[in-house]
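# Summary of structural features
Letter by letter, the chains look like this.
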Amino acid sequence: MKFLLKAWGPLLLAFALIVSPILLAQARAQLITNGGFETTTGWTYAGGSTRTQEGGILPTNPPAHSGSFYGTIATGGGTISQSINIPTAGTYQLSFYLAPQLSLSLGTLNFSVQIGGATYNLTYGITVIGLGGYNLYTLTVSLPAGVTNLIFTNLPGLLTSPLRLDDVSLVQIPGPVPGTSTISYLVVALLALMLGRRQMRDGVRWLKGLLSTRSS
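First, a word on what this report is: a plain description of the structure on this page. Since we're looking at a predicted model, the values are computed, not measured. (Residues numbered from 1 in each chain as written. Predicted model: local features only at pLDDT ≥ 70, side-chain atom pairs only at ≥ 80, totals over all residues. Heavy atoms only, no water.)

Moving on, we come to the overall build of the protein chain. Within the protein chain, the regular secondary structure consists of three helices and 10 strands. Burial status across the protein chain gives 37% buried among its 216 residues. Relative to all contacts within the protein chain whose residues are 6 or more apart in sequence, the contacts with residues 24 or more apart total 76%. Carbon and sulfur atoms make up 61% of the accessible area of the protein chain, which amounts to about 11700 Å² in all. (Helix = DSSP H or I, 4+ residues; strand = E, 2+ residues; numbered from the N terminus. Buried < 20%, exposed > 50% of the residue type's maximum accessible area, 1.4 Å probe, protein only. Contact = heavy atoms within 4.5 Å. Areas by Shrake-Rupley, 256 points an atom, 1.4 Å probe, with all protein chains shown as cover.)

It is worth spelling out unusual backbone geometry at this point. Look at F37: it is not a glycine, yet its phi comes out positive at around 60°. Along the polypeptide, F37 turns up in the loop between α1 (2–27) and β1 (44–46). Judged by relative accessible area, which is 0%, F37 ranks as buried. Although it is not a glycine, D167 adopts a positive phi angle of roughly 50°. Looking at the element boundaries, D167 is found in strand β10 (residues 163–172).

A separate point is the sheet that holds β10. Across the sheet, five strands lie side by side as β2-β3-β10-β5-β8; this open sheet has antiparallel pairing. Each end of this open sheet is capped by a strand with a single partner; those strands are β2 (50–53) and β8 (135–143). Taking each pair of neighbouring strands and ignoring which way they run, the sheet shows an average axis angle of 40°. Two elements, β2 and strand β3 (residues 69–73), share four bridges in a ladder whose sense is antiparallel. Bridge pairing links T52 to Y70 in β3. (Pairing = 2+ DSSP bridges. Axes fitted to C-alpha atoms, helices over the stretch in contact; angles between N-to-C directions.)

Right, let's get into the pairing of strand β9 (residues 146–154). Strand direction decides the pairing type here: strand β4 (residues 79–86) and β9, joined by eight bridges, are antiparallel. Residue pairing across strands places I84 opposite T148, the latter belonging to β9.

Turning our attention to the sheet that holds strand β6 (residues 107–115). Strand order across the open sheet formed by five strands is β1-β4-β9-β6-β7, with antiparallel pairing between neighbours. One side of each edge strand has no neighbouring strand; the edge strands of this open sheet are β1 and β7 (118–126). Within this sheet the neighbouring strands show an average axis-to-axis angle of 20°, counted without direction. Direction of pairing for β1 relative to β4: antiparallel, over a ladder of three bridges.

Moving on, we get to the packing of aromatic side chains. Within this structure, the stated rule accounts for six aromatic pairs. Taking the centre distance of 6.4 Å and the plane angle of 55° together, the rings of W43 and F152 count as tilted. Here the residue W43 occupies a position in the loop between α1 and β1, and F152 occupies one in strand β9, the gap between them amounting to 109 residues. Each member of the pair, W43 as well as F152, is classed as buried. Considering the side-chain rings of F111 and Y137, the 5.2 Å spacing of their centres and the 90° angle between planes classify their relative orientation as edge-to-face. Placement of the pair is F111 in strand β6 and Y137 in strand β8, with a sequence separation of 26 residues. With relative accessibility at 12%, the residue Y137 sits in the buried group. Grouping aromatic residues by their ring pairs yields a cluster made of F37, W43, F96, F111, Y137 and F152. Positioned over the ring face of F69 is R51, at 3.7 Å from the centre of the ring. (Phe/Tyr/Trp six-rings, centres within 6.5 Å; stacked < 30°, edge-to-face > 60°. Lys NZ or Arg CZ within 6 Å of the ring centre and 35° of its normal.)

Coordinates in, geometry out; function isn't part of it.
This is the structure:
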């Protein structure tokens, strides 16, 4: 066993410093399918809502936030929805970009977001008549494991307009994936206990030599 640890120690060290952050990033995978509406998958449209390609004579098809497509949430209670499989219960960050298709007067547009059994009533304030720019909305939500429905609804009000929805994202919190300064070094500390001081020192020297060779 000691011989195996000594022989494989440098490789285990390299794995801890390089590969473990990649595995953590994969664990925080994007849960939304087709968040940019660039394909026909993932979303369900109701009440006149549809997937729209930018272009043509304005304001028929105004710009997407990114790419060439977006979801148009129709007035009068139109919805765009998606069923999402939540892998583990926890806190998640939902973010999306939203803008009116065309505003002919100043005022406030109303819409809602439903997810995990909770409803969030949100607004878009129109300050310039014409094509409104995209606003970024971010919600922190607690979700149980299993399938949950995400529903965007264009609510009625004194001022109404079709709404452009784009770049929808849902990822689990906490924040950014820890790098080599946190999780990887915890793994390194465990390896140090397993390998012993001398073997660990040799492994670090080997890794430094490998990195300097690759950078030259």
